[in-house]
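As a plain string of letters, each chain reads:
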Amino acid sequence: MYVLGIETSCDETSVAVVKDGKRILSNVVSSSLKFHEKYGGIIPEIASRMQLETIAQVADFAIKESGIKLKNIGLISVTGEPGLLGSLLVGISFAKSLSLALKIPLLGINHLYGHIYAGFLKDKQPSRPFIGLVVSGGHTSLFHVKDFDRVELLGSTVDDACGEAFDKIAKLLKLGYPGGPLIERLAKKGDPSKIKFRCSNTENPLDFSFSGIKTAVFYLTKNKRIPLKDKQNIAASFQETVIETLVQKTLKACAMKNINRLLIGGGVIANNSLRERFLRESEKKGIELHLPPIQLCMDNAAMVAGLGYRLFSKGKRSGLDLNPVLQ
Ligand code: KG4
Ligand code: ZN
């Protein structure tokens, strides 16, 4: 079955066509990032206006590139939650209109589960159950995934999301936005043992807290001109602390649930040091690790189409009363 996926939860406008939940025929992503850069973060109003202007064109392009006719699409799968209200509304309204006009079934899916599904967009499919970690700009969450429709939340951030911490530290170091790739580049030249950062303890050992490091960096850099070498050391030490926390808590979740299969998704897993560390540690512990290719870590509609296919196969459907859910 061919599924049309639509993703507009944050700044991206993405439309994809995916066959049987694993073969990507097209996955077009248009980002409004350059319009947000000077503000150091996403401005929701700018994001949704750009999405409104581009979505029809992006959809047109994705359908043409897939070589599939609209009448052969069996399902429209759209991100329904969580995300920015205006942005979600653009994708959902577009999906509803197509569904109504062409009489194609509609399904709203959860963006976070979509990030985890990115690891399924390949021929050799991981088995279930598994532990799922989502590390993105808006979320840091650990899940016990028994099946695509049976997901248990084990822990999440109590303050900043992991990607958000990268973005905020990059802002304090005056590097630009988004911060993740910039911090990663700077960290390569720094010494991670120069500064001792730590993530605050959390009541639930599987929750995360990243705002303490941000405050530490704030006081370290307040009213000072920071030489490049110091910036490199801050970036390296920060990145090392975040990696250590993510790896330790995720391995703890695997041990607590006695599960040796792990899928990770979200923009932050594009970070090569984080990928390498997870690869090393999971090999040591005998954990089967599935990481999406870099281009599927960031927001994209292929993951939305893929997950939609799986849930549709289990009988899930949405009506035209589908509405965005923000959190
Ligand atoms: O998943 P995503 O595209 O959007 C959300 O759903 O939030 O993730 C975007 C986040 C941003 O915070 C960005 O700084 C971070 O992913 N990111 C990275 C890297 N590339 C993107 N963080 C660390 N290292 C990277 N290489
Ligand atoms: Zn995302």
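Structural notes, computed from the coordinates. (Residues numbered from 1 in each chain as written. Chains lettered and ligands numbered in written order. Predicted model: local features only at pLDDT ≥ 70, side-chain atom pairs only at ≥ 80, totals over all residues. Heavy atoms only, no water.)

1. Re helix H9 (residues 272-285)
Quick reminder: α-helices carry 3.6 residues per turn. Residues three or four places apart thus point the same way.
Turning to step 1, where the next piece is worked out: Here H9 is 14 residues long and its end C-alpha atoms lie 20 Å apart, about the 20 Å a rise of 1.5 Å per residue gives.
Turning to step 2, where the next piece is worked out: Those residues of H9 not exposed but buried are Leu-274, Arg-275, Arg-277, Phe-278, Glu-281 and Ser-282. Taken end-on, H9 shows its buried residues confined to a sector of 165°, consistent with a single buried face. Residues of H9 that are exposed and point over 90 degrees away from its buried face: Glu-283 and Lys-284. (Helix = DSSP H or I, 4+ residues; strand = E, 2+ residues; numbered from the N terminus. Expected span 1.5 Å × (residues − 1). Buried < 20%, exposed > 50% of the residue type's maximum accessible area, 1.4 Å probe, protein only. Arc of directions from axis to C-beta.)

2. As for the state of the cysteines
Turning to step 1, where the next piece is worked out: Inspection of every chain in the model, using the stated rule, returns zero disulfides.
Turning to step 2, where the next piece is worked out: Free cysteine: Cys-162, not disulfide-bonded; nearest cysteine sulfur from Cys-199 at 8.4 Å.
Turning to step 3, where the next piece is worked out: In this structure Cys-162 comes out as buried when scored by relative accessible area, which is 0%.
Turning to step 4, where the next piece is worked out: According to the relative accessible area criterion, Cys-199 is buried, its value standing at 12%. (Disulfide = S-S within 2.5 Å.)

3. Overview of the pattern of salt bridges
Turning to step 1, where the next piece is worked out: As enumerated under the stated definition, the model contains 15 salt bridges in all.
Turning to step 2, where the next piece is worked out: The partner of Lys-146 in a salt bridge is Glu-152, and the shortest N-O contact between them spans 3.7 Å.
Turning to step 3, where the next piece is worked out: Taking the shortest distance from any N to any O, the salt bridge between Glu-152 and Lys-257 comes out at 3.6 Å. Of this pair, Glu-152 sits in strand S8 (residues 150-156) while Lys-257 is found in helix H8 (residues 228-257), placing the two residues 105 residues apart along the sequence.
Turning to step 4, where the next piece is worked out: Residues joined by salt bridges that share partners form a network here, namely Glu-240, Glu-244, Arg-277, Glu-281 and Lys-284. (Salt bridge = Lys/Arg side-chain N within 4 Å of Asp/Glu carboxyl O.)

4. Looking at the nonpolar core
Turning to step 1, where the next piece is worked out: Judged by nonpolar contacts, the single largest core of 45 residues is most densely connected at Phe-238, Leu-246, Ile-264 and Phe-278.
Turning to step 2, where the next piece is worked out: The biggest single contributor to this core is H8, with 11 residues.
Turning to step 3, where the next piece is worked out: Apart from the residues within four sequence positions on either side, Leu-246 is in contact with Val-135, Thr-140, Cys-162, Phe-208, Phe-210, Leu-274 and Phe-278.
Turning to step 4, where the next piece is worked out: Judged by nonpolar contacts, the second largest core, of 28 residues, contains Val-3, Ala-16, Phe-120 and Ala-302. (Core = buried A, V, L, I, M, F, W, Y, C linked by side-chain atoms within 4.5 Å. Contact = heavy atoms within 4.5 Å.)

5. Notes on the sheet that holds strand S10 (residues 288-290)
Turning to step 1, where the next piece is worked out: The strand order S8-S7-S6-S9-S10 describes an open sheet built from five strands, whose pairing is mixed. The sheet is open, and its two borders are formed by S8 and S10, each paired with just one other strand. Strand-to-strand twist in this sheet, taken as the mean axis angle between neighbours without regard to direction, amounts to 25°.
Turning to step 2, where the next piece is worked out: Bridging between strand S9 (residues 261-265) and S10 involves three bridges; their strand directions are parallel. Each residue of the ladder has a partner; that of Leu-263, found in S10, is His-290.
Turning to step 3, where the next piece is worked out: Lying on the sheet, H9 is in contact with strand S6 (130-135), S9 and S10; it crosses S10 at an angle near 160°. (Pairing = 2+ DSSP bridges. Axes fitted to C-alpha atoms, helices over the stretch in contact; angles between N-to-C directions.)

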